[in-house]
Amino acid sequence: MSWKTTYRSFYYANAEAPDDIVLDPQTTALLVIDIQNTYLDPKDTPEETARWQPFYDRMRATVIPNTARLIDECRKRKVEVIYARIACQKPDGRDRSLSQKKPGFNYLLLPKDLPEGQVVPELEPRPDEIVITKTTDSALTGTNLRLILHNMGIKDVICCGIFTDQCVSSTVRSLADESFGVVVVDDCGAAATDDLHRRELEIINMIYCHVVQLDEVLTFFK
């Protein structure tokens, strides 16, 4: 099925098909969100690791290989590749946002130089590529990414990464509020479960972004 008809929420079930997307490499950026070592590490117990195994499988078999291909294709087209990663500046994490200090899954203490907080080796940034560190869900809130995009003349942002229903969604909504055109690549992202991933894509599609497949987004470039 085409990106024009899939992932329709109740609000857009009967909406007309969107116009074709045309991306100019000079005004387009790829934003790779939070694909960091810590999220591929085993959990504290074998039982919890087993519960997360479908996520690990999707990351290894689909998300990381597809994102590597997307990065490569964007680099070939001279599209700006930008990374966002969760990392705090203070070793004790005092500079983190409240959501990262609360107990539970979202509790994160990742000082910026720890190996666990780095982008996975398969997607390693090049020396001239921008890496944004954030202590928030949105890559725009509390960072200078908005200014960077405007300074470079970026109008459209391709988003991929994890977690679809958390940092990806927050970033997409922030970008849309700032009037950027946003494309989210379904098979370059994941949530904890496939169900959460699909439901969030359905929620954000058509209003905050357009959800597409990797093979589709590569046809959008001028």
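Keep in mind it's a predicted model, so treat the numbers as computed, not measured.

Enquirer: What exactly am I supposed to notice about the environment of Ser9 here?
Expert: Along the chain, Ser9 turns up in the segment before β1 (28-33). C-alpha of Ser9 to C-alpha of Ile203: the two residues are 194 residues apart in sequence and 5.9 Å apart in space.

Enquirer: Would you take a moment to explain unusual backbone geometry for this structure?
Expert: Leave glycine aside and you will find that most residues have negative phi; peptide bonds, for their part, are mostly trans. The residue after Ile162, namely Phe163, is reached through a cis peptide bond having omega -10 degrees. Looking at the secondary structure, you find Phe163 in the loop between β4 (156-162) and α4 (164-177). A positive phi angle is found at Tyr7, which is not glycine, with a value near 50 degrees.

Enquirer: When you look at the state of the cysteines in this model, what are you seeing that I'm missing?
Expert: Note: disulfide means a covalent bond formed between the sulfur atoms of two cysteine side chains. By the definition in use, this model includes zero disulfides. Residue Cys167 stays outside any disulfide, its sulfur separated by 12 Å from that of Cys159, the closest cysteine. Assessed through its relative accessible area of 5%, Cys167 is described here as buried.

Enquirer: It is not clear to me how the packing of aromatic side chains should be interpreted in this structure. Could you clarify?
Expert: The description of an aromatic ring pair rests on the distance of the ring centres and on the angle between the ring planes. Applying the stated criterion across every chain, the model contains nine aromatic pairs. Consider the rings of Phe55 and Phe163, whose centres lie 5.2 Å apart with planes at 20 degrees: the pair is stacked. One end of the pair, Phe55, is in helix α2 (residues 53-76); the other, Phe163, is in the loop between β4 and α4, and 108 residues separate them in sequence. Both residues of the pair, Phe55 and Phe163, count as buried. Ring pairs connect the aromatic residues Tyr39, Trp52, Phe55, Tyr56, Phe105 and Phe163, which therefore count as one cluster. Its end group placed over the ring of Trp52, Lys43 keeps NZ or CZ at 4.2 Å from the ring centre.

Enquirer: What exactly am I supposed to notice about helix α5 (residues 194-204) here?
Expert: Each turn of an α-helix holds 3.6 residues, which means side chains three or four residues apart point in the same direction. Among the residues of α5, those classed as buried are His197, Glu200, Leu201 and Ile204. Buried residues of α5, viewed axially, fall in a sector of 100 degrees; they line one side. Buried residues along α5 sit against α2, α4, β5 (181-190) and β6 (210-212). Looking one or two residues beyond α5, the residue adopting positive phi is Met206, at roughly 80 degrees.

Enquirer: How should the UniProt feature "domain: Isochorismatase-like" (unreviewed entry) in the protein chain be read in this particular structure?
Expert: UniProt marks residues 28-212 with the feature "domain: Isochorismatase-like" (unreviewed entry), using the numbering shown here. Spanning residues 28-212, this segment combines 34% helix with 21% strand, and its end C-alpha atoms are found 16 Å apart.

Enquirer: Got a minute to help me understand the pairing of β1 in this structure?
Expert: Looking down a regular strand, the side chains alternate between one sheet face and the other. Counted residue by residue, β1 has six buried out of six residues, so it is predominantly covered. The alternating pattern of β1 places Thr28, Leu30 and Val32 and Ala29, Leu31 and Ile33 on opposite faces, both of which are buried. Strand direction decides the pairing type here: β1 and β4, joined by six bridges, are parallel. Counted as the bridge partner of Ala29 is Val157 from β4.

Enquirer: What should I look at first to understand the environment of Gln36 in this one?
Expert: On the secondary structure map, Gln36 appears in the loop between β1 and α1 (46-51). Once the C-alpha coordinates of Gln36 and Ile86 are considered, the two residues, 50 residues apart in sequence, prove to be 8.3 Å apart. If sequence neighbours within four positions are ignored, Gln36 has contacts with Arg85, Ile86, Leu110, Glu116, Gly117, Gln118, Val119 and Val120. A distance of 2.9 Å separates the side chain of Gln36 from the backbone nitrogen of Ile86, its partner in a polar contact. Separated by 2.7 Å, the side chain of Gln36 and the backbone oxygen of Gly117 make a polar contact.

Enquirer: Looking at this structure, I do not really get the nonpolar core. What am I missing?
Expert: Proteins that are soluble and globular tend to have nonpolar side chains buried together. Counting residues in hydrophobic clusters, the biggest one holds 66 residues, and the most contacted among them are Leu30, Leu31, Met59, Leu70, Leu149, Cys159 and Val217. With near-sequence residues (within four places) excluded, Leu30 lies in contact with Leu70, Ile71, Cys74, Val79, Glu80, Val81, Ile82, Ile158 and Cys160.

Enquirer: Explain α4 here, please?
Expert: By the burial criterion, the buried members of α4 are Thr164, Gln166, Cys167, Val168, Ser169, Thr171, Val172, Ser174 and Leu175. Looking one or two places after α4, you find Ser179, whose phi comes out positive at around 70 degrees.

Calculation rules
Residues numbered from 1 in each chain as written. Predicted model: local features only at pLDDT ≥ 70, side-chain atom pairs only at ≥ 80, totals over all residues. Heavy atoms only, no water. Helix = DSSP H or I, 4+ residues; strand = E, 2+ residues; numbered from the N terminus. Disulfide = S-S within 2.5 Å. Buried < 20%, exposed > 50% of the residue type's maximum accessible area, 1.4 Å probe, protein only. Phe/Tyr/Trp six-rings, centres within 6.5 Å; stacked < 30°, edge-to-face > 60°. Lys NZ or Arg CZ within 6 Å of the ring centre and 35° of its normal. Arc of directions from axis to C-beta. Contact = heavy atoms within 4.5 Å. UniProt positions renumbered as here; feature names shortened; annotations may be inferred. Pairing = 2+ DSSP bridges. Polar contact = N/O pair within 3.5 Å; in protein donor to acceptor, adjacent residues only side chain to side chain. Core = buried A, V, L, I, M, F, W, Y, C linked by side-chain atoms within 4.5 Å.

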